[in-house]
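# Close look at the chain arrangement
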Amino acid sequence: MEARNRTLPEWFNRIRTGQLRLPRFQRHEAWGHKEVAGLLETVLRGLPSGAALILEVGDSEPFVSRPIADAPAPTERVTEHLLDGQQRLTALWRAFNDGYEDRTYFAFFDGERDHQGALVPHVEGEGRWRRGETRYPLWADVPAQVAERGRIPLKLLRPGDLTKEIHQWCEAAAGGDTKVLLEHFRVINGLRERVAVFPLPFLSLPVGTPPDIALDVFIKMNTSAVQLSPFDIVVAQVEDAAGQSLHDLVAALKQKVPAAAAYANPADWVLGAAALRENRSPGQASYLGLDFRKLATEWERSEEGIKFAVEFLEEEHVYDAERLPTGAVLAVLAALHEFVPSVLDARGNAKALLRKYLWHAFLTRRYENAAATHALQDFRGLRDALAHPSTPPSAPIFDGSKYPLPTAEELRRAGWPKGRDILARGVLAAALRGGAFDLADGSKVSRDHLRKREYHHLFPDALLAGDGKLERERSYLALNCALITWNTNRTIAAKEPVKYLKQRVENATLGEEEVRARLATHAVPFDELNVGGYDAFADPEQRAEAIQGHYDRFLAKRAELILRLINKLCGGYAWAP
């Protein structure tokens, strides 16, 4: 490996001609406009910006490549692959060429001076937008108005012979004032000199470097700096082994199964399922040992598995990652798809087994620790059970002595399901399984409808913590939670349960029977919730005792209902109220 230096004009020339290109396995732009402006200031101030890494290319390219974003069509043979430095060089190329549709960059001075007394240049990106064929704001393309704001377009500082373009801009900006025109020339040329000599050093891997060595260097440099995801690392390996772009494959997956992204990053989901199919645990260490050619050639298998998993989760009324008790089930369900029969009763029996697995995962402590290892063990047991339906399932998750279902007391201690505790989220998920119709508008839970729902205290927090004199954590319990629309939540506010239920009964066309039915879809007992009248207690201690007594009876009854529900679901039954 050799260390060299190269000025920005030299880099730009290689980008313009196509001599420098990106291996296609590189992820696309990740920088925001704040990072771009910061880099541009670094250039104009002559400060170091790190080193790039290139792989020299001989007669044939070791990787499929693509040009830098917004670069013109290549006119020369590729001689270098940019392995590290894409974000910096892409930002510089696009900003200096005004290549960002939604942003134009300007240099300016605000009076700040360095230790030598010289003015310090700054850079800002002005937001742009279009209406029809017109690009706004209009002033950003009018030299006189740009100059009036004390700004200089970055595109005038780009490397190359811009004498005519700069002269025309300065004339338009000066409005006939020769002195002002010359001052614009002086400032612009001073900044252009800084750009012309700005060095961006690089490390160079020589022609003939084996692709696996180049990939190894690429991975090590990126994981030490940007902390790539498992997908980012594997994408290079798939590109090398199969000659296909994993980015393109994942983009196609997102089109075919758009709901998959609601649960997890589809790329990570694919890798987890692929690892299980190769008898590996679904973790980063396993991903680097995958058969990458097989991963690419069997991509349709992955798509079908994830599609099946999404449909199955939707049947169980589990719609997104925020309500998912544990993500460990995702790869398992997707990998098991090919073992699920496609015909009638056999398929129904297989889905009953998967339902039993799913709810054991949601309502036991099986996946609290060593989730990847346990997922592989359960996958093996479930796979064997699906292949041999007559034998009892051997998946360890069904071992009740090690992973028992929760007791009523454990349910009463489960915390607020907005957190990450598996059991707390499991209780909420079980309650949603019945449809979770809204208390006021009667709408059924769905993925789209979840966006309108909020976590509601059935016994209001203000009531329990105020007159009830309970500690706040006693209010934030899974058994005291229901998902209802934000509008209903605002209407209920801190009212006593008996008061807000009375309003619901009076407003519902079908009366109390309908409200009871809606609560039943949440596994919420109507009678134990329909309590209040605490204003009748003049003594604060008696009021608190009444609230606490009602609340305890409600928790006990709801724990009883949830336990019945859990036993049904964990037995493989499709529970409904």
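Residues numbered from 1 in each chain as written. Predicted model: local features only at pLDDT ≥ 70, side-chain atom pairs only at ≥ 80, totals over all residues. Heavy atoms only, no water.

When helices and strands are tallied, the protein chain shows 26 helices and 13 strands. Its C-alpha atoms give the protein chain principal-axis dimensions of about 85 × 65 × 45 Å. Put simply, the protein chain has 577 residues, and 50% of those count as buried. Long-range pairs, those at least 24 residues apart, make up 74% of the contacts in the protein chain between residues at least 6 apart in sequence. Summing over all exposed atoms, the protein chain offers an accessible surface of approximately 26,100 Å²; the carbon and sulfur share of this is 50%. Of note, the protein chain has its 74 positive side-chain charges centred 1 Å away from the centre of its 78 negative side-chain charges. (Helix = DSSP H or I, 4+ residues; strand = E, 2+ residues; numbered from the N terminus. Buried < 20%, exposed > 50% of the residue type's maximum accessible area, 1.4 Å probe, protein only. Contact = heavy atoms within 4.5 Å. Areas by Shrake-Rupley, 256 points an atom, 1.4 Å probe, with all protein chains shown as cover. Lys, Arg positive; Asp, Glu negative; His and termini not counted. Charge placed at Lys NZ, Arg CZ, Asp CG, Glu CD.)

Glancing now at the pattern of salt bridges. Taken as a whole and assessed by the stated rule, the structure comprises 37 salt bridges. When the shortest N-O distance is used, the salt bridge between E80 and R14 registers 3.7 Å. With E80 in strand β5 (residues 80-84) and R14 in helix α1 (residues 8-17), the pair connects residues that are 66 residues apart, well separated along the chain. Under the relative-accessibility criterion, E80 is labelled buried at 6%. With relative accessibility at 23%, the residue R14 sits in the partly exposed group. In this structure, R280 engages E278 in a salt bridge whose closest nitrogen and oxygen atoms are separated by 3.7 Å. What makes E278 partly exposed here is its relative accessible area of 23%. Here the salt bridges share partners, and the residues they tie into one network are R6, R14 and E80. (Salt bridge = Lys/Arg side-chain N within 4 Å of Asp/Glu carboxyl O.)

Time to look at the sheet that holds strand β2 (residues 20-23). Reading across the sheet, the six strands line up as β1-β11-β3-β5-β2-β4 and stay open at both edges, with mixed pairing between neighbours. Unpaired on one side and paired on the other, β1 (2-4) and β4 (65-66) mark the two borders of the sheet. Sheet topology note: the β2/β5 ladder contains two bridges and is parallel. Paired with L20 across the two strands is E80, which belongs to β5. Against the sheet, α1 engages β2, β3 (52-56), β5 and β11 (202-205), with an angle of about 70 degrees to β2. (Pairing = 2+ DSSP bridges. Axes fitted to C-alpha atoms, helices over the stretch in contact; angles between N-to-C directions.)

This part takes up the packing of helix α15 (residues 344-363) against helix α16 (residues 371-387). At their nearest, the axes of α15 and α16 sit 11 Å apart, and the two run at 160 degrees to each other. As the angle between them shows, α15 and α16 are arranged roughly antiparallel. In this structure, α15 crosses over α16, and the sense of that crossing is right-handed. Side by side, α15 and α16 meet where A350, L353 and Y357 of the first sit next to D378, L382, A385 and L386 of the second. Among the residues making up the contact of α15 with α16, the classes are represented as six nonpolar, no polar and one charged. (Parallel < 35°, antiparallel > 145°, perpendicular 65-115°, else oblique. Left-handed = near helix turned anticlockwise from the far one by under 90°. Nonpolar A, V, L, I, M, F, W, Y, C, P; charged D, E, K, R; others polar.)

On to the pairing of β2, then. Taken together, the two bridges between β2 and β4 define a ladder with antiparallel strand orientation. Residue pairing in the sheet places L22 in a bridge with R66 of β4.

We now examine the sheet that holds strand β7 (residues 119-127). The antiparallel open sheet is built from three strands, whose spatial order is β7-β6-β10. The open sheet has two edge strands, β7 and β10 (152-153), and neither has a second partner. Pairing of strand β6 (residues 103-113) with β7, which is carried by eight bridges, proceeds in the antiparallel orientation. When the sheet's bridge partners are listed, R103 is paired in β7 with G127.

Next up on the list: the environment of T17. Tracing the sequence through the fold places T17 in helix α1. Judged by relative accessible area, which is 9%, T17 ranks as buried. Expressed as a C-alpha distance, the spacing of T17 and L555, which sit 538 residues apart in the sequence, is 72 Å. Leave out the neighbours within four places in its chain, and T17 touches P74, T75 and E76.

Among all positions in α1, only L8, W11, F12, I15 and T17 are buried. One or two residues past the end of α1 sits G18, with phi positive at roughly 90 degrees.

Time to look at the packing of aromatic side chains. Throughout the structure, instances matching the rule amount to 14 aromatic pairs. The interplanar angle of 50 degrees and the centroid separation of 6.5 Å between the aromatic rings of W416 and Y455 together place this pair among those described as tilted. Placement of W416 in the loop between α17 (408-413) and α18 (422-432) and of Y455 in strand β12 (residues 453-457) is noted, with a sequence separation of 39 residues between them. Accessibility classification places W416 together with Y455 in one group, the buried group. Between F459 and F554 the ring centres are 5.4 Å apart and the planes differ by 40 degrees, which places this aromatic pair in the tilted class. One end of the pair, F459, is in the loop between β12 and α20 (461-465); the other, F554, is in helix α26 (residues 540-570), and 95 residues separate them in sequence. (Phe/Tyr/Trp six-rings, centres within 6.5 Å; stacked < 30°, edge-to-face > 60°.)

Here R103 shows up in strand β6. On the basis of relative accessibility, which here comes to 23%, the residue R103 falls in the partly exposed class. The sequence separation of R103 and H33 amounts to 70 residues, and the corresponding C-alpha distance is 8.0 Å. For R103, the residues in contact, after removing those within four places along its chain, are H33, D98, G125, E126, G127, R128 and R135. Polar side-chain contacts of R103 include one of 3.4 Å to the backbone oxygen of G125. (Polar contact = N/O pair within 3.5 Å; in protein donor to acceptor, adjacent residues only side chain to side chain.)

When you line up the elements, T364 lands in the loop between α15 and α16. For T364, a relative accessible area of 2% puts it in the buried group. Polar contacts involving the side chain of T364 include one to the main-chain carbonyl oxygen of H360, which spans 2.6 Å. Within the local environment of T364, its side chain forms a polar contact with the backbone nitrogen of R366, the two atoms lying 3.4 Å apart. In this view, T364 contacts Y403, P404, L405 and I422; residues no more than four positions away in its chain are not counted.

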